[in-house]
Amino acid sequence: MKNFIKITQLFLVLIFLTSCKSTPNKKELIIDSEKQKSQKIEISKRKMEVRYSCGEDGISDFLNNGWTISKEYTEEKICTWKSFPATKDCDMEKDKGCKITTPDKIGEEKVYLLEK
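Residues numbered from 1 in each chain as written. Predicted model: local features only at pLDDT ≥ 70, side-chain atom pairs only at ≥ 80, totals over all residues. Heavy atoms only, no water.

**Describing the sheet that holds strand β3 (residues 99–115)**
Inference 1: Taken in spatial order, the three strands make up an open sheet running β1-β3-β2, and their pairing is antiparallel. At either end of the open sheet lies a strand with only one pairing partner, and these are β1 (47–53) and β2 (68–85). When the angles between neighbouring strand axes are averaged without regard to direction, this sheet yields 25 degrees.
Inference 2: One ladder, built from seven bridges, connects β1 with β3; its direction is antiparallel. Bridge pairing links lysine 47 to glutamate 115 in β3. (Pairing = 2+ DSSP bridges. Helix = DSSP H or I, 4+ residues; strand = E, 2+ residues; numbered from the N terminus. Axes fitted to C-alpha atoms, helices over the stretch in contact; angles between N-to-C directions.)

**Side note on unusual backbone geometry**
Inference 1: We note that cysteine 54 has phi near 55 degrees; this positive angle belongs to a residue other than glycine.
Inference 2: Residue position: cysteine 54 is located in the loop between β1 and α3 (59–64).

**Details of the packing of aromatic side chains**
We describe a pair of aromatic rings using the distance from one ring centre to the other and the angle between the two ring planes.
Inference 1: Counted by the stated rule, this structure contains one aromatic pair.
Inference 2: An angle of 65 degrees between the planes, with centres 6.4 Å apart, marks the rings of tyrosine 52 and tyrosine 112 as edge-to-face. With tyrosine 52 in strand β1 and tyrosine 112 in strand β3, this residue pair connects regions lying 60 residues apart in the sequence.
Inference 3: A relative accessible area of 14% places tyrosine 52 in the buried class.
Inference 4: On the accessibility criterion, tyrosine 112 (4% relative accessible area) is buried. (Phe/Tyr/Trp six-rings, centres within 6.5 Å; stacked < 30°, edge-to-face > 60°. Buried < 20%, exposed > 50% of the residue type's maximum accessible area, 1.4 Å probe, protein only.)

Following this line, the structure appears as structure tokens:
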């Protein structure tokens, strides 16, 4: 019985020791100065996503401030919603369960990915 307890303790200790992973502290040295300059340039770039929907557009303000458009795409979006009663005797103010809401106007949402 004592041997069994010692063996189980040994297995538990082995499990705990093997489950912990050490993170290697690897640092890559940059020898070439050109690579170092390019890494600094990549870090200084900023990115932003701007969305305009249903006929709005204010991208010219960003373009005047030095931002450039890296990617642009459009998505379909519901601009307004319309509510109406489900039955003739339904009071939408008192009974919210009988109110049916449907899309009224469908427009486009423009998404700009900007870089500076």
